[in-house]
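Descriptive analysis of the structure
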Number of protein chains: 2
Amino acid sequence: MFIERHSVGQVKPRRFVFGSQEDPLVLDSGRALGPVELVYETYGTPNQDHTNAILICHALSGDAHAAGIHDPHDKRVGWWDNMIGPGKAFDTERYWVISANVIGGCKGSTGPNSTNPATGKPYGSDFPLITIGDMVAAQKRLVDHLGIERLFCVVGGSMGGFQALEWSLRYPENVHSVICIAAGAQLSTQGIAFNAVGRHAITTDPDWQDGHYYDTAGPVRGLASARMVAHITYLSEISLNNKFGRRLQSADRLSYDIHHEFAVESYLNHQGTRFTERFDANSYIYITKAMDYFDIARTYGPLKEAFAEATARFLVVSYSSDWLFPTAQSKEIVRALIATDRDVSFVDIDSPHGHDAFLIDIDQLTRVTSAFLDGSQRSQPIARRSSAG
Amino acid sequence: MFIERHSVGQVKPRRFVFGSQEDPLVLDSGRALGPVELVYETYGTPNQDHTNAILICHALSGDAHAAGIHDPHDKRVGWWDNMIGPGKAFDTERYWVISANVIGGCKGSTGPNSTNPATGKPYGSDFPLITIGDMVAAQKRLVDHLGIERLFCVVGGSMGGFQALEWSLRYPENVHSVICIAAGAQLSTQGIAFNAVGRHAITTDPDWQDGHYYDTAGPVRGLASARMVAHITYLSEISLNNKFGRRLQSADRLSYDIHHEFAVESYLNHQGTRFTERFDANSYIYITKAMDYFDIARTYGPLKEAFAEATARFLVVSYSSDWLFPTAQSKEIVRALIATDRDVSFVDIDSPHGHDAFLIDIDQLTRVTSAFLDGSQRSQPIARRSSAG
């Protein structure tokens, strides 16, 4: 099957503000947040009744910029550009694709680096703890604002998969279909453990200053360590081995240097440092905490009972070498959905690329996604022509 | 089979000094180290011709104190007390068991916290980088000093397994048998990567002070982070899940606290902090570097050719849930030994305890070890009575 893959071209981030003092976003913790700003992008065009909307949910370090470029000189396209565009998995000639930065993030949406209206200074660690449910509640306000009564599909990988599942349970009437990729019904103990190490590295960095560091460079060393350990969990043993093996960084002979010797060390250090240039340490803390808290059974009861409330069609995708969210975790969701007689498809994609595979190995993902969306159209037809078309 | 398990009782650490300025230990890096002090303990008694000696090699954070207690008030026994003693796997009624702290360590043997004779101050990061081969070369001096021509067995788990393998290749004439547990013929890329993160956390801690911190508390925050990430790699996903799951630390309800929430977080923090009370950060750097460097193929050529030089009998043991040194790495050793027609036994022990299993799941390990040592006696009989007996 030949799929022509074009780009969505140049896109412009938009802003949506809600949650005044009188009508704030009430968080799962009970605390109120407002005003709330969401940065989002859209690709494709809405049809007349806005039934062709697909909401893209990003992972820990993602942002609203999922496809296309921001200006003609951009060298990098959005983080899921290989999946979003004309003729691609999320075909912008048929669907109206929406992508928003999560709250708690640092890419434009309200987060710990935003101004606290109570003090006129950045929130820092005064920002309230948020949950995946809170992220989704904020997205719901955006979706309402855009005049979408029912999303044709909510899709995400990793923490994006958490959001997609949350949508199906928190707002079952407003979701026609869900694609949950490389995720699970909860974060595993090991996942919490790795997050805890990352947060330990950040919060024990003296430059963290209890989270109020915004007039300085911030805890860049701790954040780099956190990113390095997380980065290892995104790759498979085999992909690390194929990519670097035990190759030395700079020569054929061992240098017996106390710092770098192997290529994989330099690579990780580079990844860690680069990350600190584009991500806020407090956001890292808040978003990993939100991931820790994600646990469908705690919020909605045992999985089978929880999913009995869902009405969406589901596509669940895992990757064979993903050890952060192993296939077994996807199967747990699938079993619960089957037990409660939901409409569910499941694919375990064979890949050497570990957890990051959903960003890399998109050929088979494109095929199963396209087929699933076609199937979803049969149960809820949408107009092929956009309202603007 | 009933095995009576007694203790070796009270033991006294001993010291052995070698490597004067005129006869230093020449390291694999080409640098010289001297004088070198080794702290060691022995359990059981030598037979007349010293043919019943078993050398125990410890892992990253281990020490010479492998069995028994140091004084009657000791609440903790040595780290492998469940394996060493009268009637145990390493039966001190038959064998003369020797355990020494590695060079580079911080438990009495010469390492970065030892006094640099050139300055009269601790070496710090002026200590030369060492390899597993260097550790073994130092042990060889001790073994010579003890009047042992041929070790009946060299045994170790994890980095101890590296040392056991190294003995078989560096000093093939001096080793009758080798037990390599939860190790491999090299440290994997992922293993290097996790070590690199730990070292990054230590060396970017401002209290590391380029390795010269011995008049202060040192980089305890970085070392704690390093230990936390390593600790995760020692446990299996399933054992973490069984032990902690998603249990909260202090209550049934979520506290929405930016610091600890889940039991596994508190556990890891506690492990990290406790480790800083008993281990030196520079030793952590030097020993993980030594592990990184371990690569039989680089030092001795392709495995099949390398092991063709070995004359020992081998027992290779892996644990099913060990993901730091997966079973496949043990099998790689076994395949090379079989290909070159060596005498090798291999057991993959089914265990949920991950890499740490060799310290915990010792029932089956005891059985296979005892059988292997009995078999080794058939090919090299040792006197049953000790010279002291």
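All of these numbers come straight from a predicted model, not from anything done at the bench.

1. Side note on the overall build of chain A
Helices and strands together make up the secondary structure of chain A, namely twelve helices and 14 strands. Principal-axis analysis of the C-alpha atoms places the extent of chain A at approximately 65 × 55 × 50 Å. Per-residue burial over chain A gives 56% buried out of 389 residues. Looking at chain A alone, contacts between residues at least 24 apart form 72% of all its contacts between residues at least 6 apart.

2. Some details on the domain arrangement of chain A
All names here are of chain A. With domains assigned, chain A is organised as domain 1 (14-187 + 294-379) and domain 2 (193-287). Of note, the centres of domain 1 and domain 2, computed from C-alpha atoms alone, are 26 Å apart. At the junction of the two partners, domain 1 supplies 22 residues and domain 2 supplies 17 residues. Tallied by class, residues from the side of domain 1 that touches domain 2 come to ten nonpolar, eleven polar and one charged.

3. Examining the relation of the copies chain A and chain B
Rotating chain A by 180° and translating it 0.0 Å along the rotation axis places it on chain B, where the RMSD comes to 0.0 Å. In the structure described here, the two chain copies are related by an operation that fits a two-fold rotation axis. Of the residues that chain A buries at the interface, 100% are likewise interface residues in chain B, meaning the two copies contact each other through the same surface.

4. Section: the interface of chain A and chain B
Listed as interface residues are 42 residues of chain A and, on the opposing side, 42 residues of chain B. Secondary-structure elements contributing two or more residues to the side of chain A that touches chain B are helix H3 (189-203), helix H4 (220-234), helix H5 (237-243), helix H6 (263-278) and helix H7 (281-293) of chain A. Among the elements that make up the side of chain A that touches chain B, the one with the highest residue count is H3 of chain A (nine residues). Of the residues in the side of chain A that touches chain B, the class split is 22 nonpolar, 13 polar and seven charged.

5. Structural notes on the packing of helix H1 (residues 132-145) of chain B against helix H2 (residues 159-170) of chain B
Residues and elements named next belong to chain B. Relative orientation of the contacting elements H1 and H2 amounts to 70°, with a least axis distance of 9 Å. One element, H1, and the other, H2, form an angle in the roughly perpendicular class. Packed against H1, whose contacting residues are Ile132, Gly133, Met135 and Val136, the element H2 presents Phe162, Gln163, Glu166, Trp167 and Arg170 at the interface. Each residue belonging to the contact of H1 with H2 can be placed in one class, and the counts come to five nonpolar, two polar and two charged.

6. Quick word on the sheet that holds strand E5 (residues 53-57) of chain B
Residues and elements named next belong to chain B. Taken together, eight strands build an open sheet; the order of strands is E1-E4-E8-E5-E11-E12-E13-E14 and the sheet is mixed. What marks the edges here is a single partner per strand, and that holds for strand E1 (14-18) and strand E14 (344-349). Within this sheet the neighbouring strands show an average axis-to-axis angle of 20°, counted without direction. Pairing geometry for strand E11 (residues 153-157) and strand E12 (residues 177-181), over four bridges, is parallel. Paired with valine 154 across the bridge in E12 is valine 178. The strands touched by H1 are E1, strand E4 (36-43), E5 and strand E8 (96-100); relative to E4, the strand with the most contacts, the crossing angle is about 60°.

7. Topic: the sheet that holds strand E12 (residues 177-181) of chain A
All names here are of chain A. Pairing in this open sheet of eight strands is mixed, and the strands run E1-E4-E8-E5-E11-E12-E13-E14 from one edge to the other. The strands lining the two open edges of the sheet, one partner per strand, are strand E1 (14-18) and strand E14 (344-349). Here the strands of the sheet are splayed against their neighbours by 20° on average, with no regard to which way each runs. Where strand E5 (residues 53-57) and strand E8 (residues 96-100) come together, four bridges link them in parallel fashion. Looking at the pairing, leucine 55 lines up with isoleucine 98 of E8.

8. Structural notes on the environment of glutamate 93 of chain A
All names here are of chain A. Locating glutamate 93 in the fold gives a position in the loop between strand E7 (90-91) and E8. Classification of glutamate 93 by C-beta neighbours within 10 Å gives partly exposed; the count is 15. For the pair glutamate 93 and valine 197, spaced 104 residues apart in sequence, the C-alpha to C-alpha distance is 44 Å. The contacts of glutamate 93, once residues within four sequence positions are left out, are Gly44 and Pro86.

9. Things to note about H2 of chain B
All names here are of chain B. The end-to-end C-alpha distance of H2 is 16 Å, a good match for the 16 Å that twelve residues give at a rise of 1.5 Å each. Of all twelve residues in H2, ten are buried; the element is thus mostly enclosed. Considered for burial, the residues of H2 that qualify are Met159, Gly160, Gly161, Phe162, Gln163, Ala164, Leu165, Glu166, Trp167 and Ser168. On its buried side, H2 packs onto E5, H1, E11, E12, helix H7 (281-293) and helix H8 (296-300).

10. Some words on the environment of aspartate 81 of chain A
Residue and element names in this part refer to chain A. Mapped onto the elements of the fold, aspartate 81 is located in the loop between E5 and strand E6 (84-85). Distance in space between the C-alpha atoms of aspartate 81 and valine 8 is 8.2 Å, their sequence separation being 73 residues. Those residues in contact with aspartate 81, other than ones at most four positions away along the chain, are Ser7, Ala67 and Gly68.

Quick notes on the rules
- Residues numbered from 1 in each chain as written.
- Chains lettered and ligands numbered in written order.
- Predicted model: local features only at pLDDT ≥ 70, side-chain atom pairs only at ≥ 80, totals over all residues.
- Helix = DSSP H or I, 4+ residues; strand = E, 2+ residues; numbered from the N terminus.
- Buried ≥ 20, exposed ≤ 12 C-beta atoms within 10 Å, placed from the backbone.
- Contact = placed C-beta atoms within 7 Å.
- Domains from an automatic or database assignment.
- Nonpolar A, V, L, I, M, F, W, Y, C, P; charged D, E, K, R; others polar.
- Least-squares fit on C-alpha atoms with pLDDT ≥ 70 in both.
- Axes fitted to C-alpha atoms, helices over the stretch in contact; angles between N-to-C directions.
- Parallel < 35°, antiparallel > 145°, perpendicular 65-115°, else oblique.
- Pairing = 2+ DSSP bridges.
- Expected span 1.5 Å × (residues − 1).

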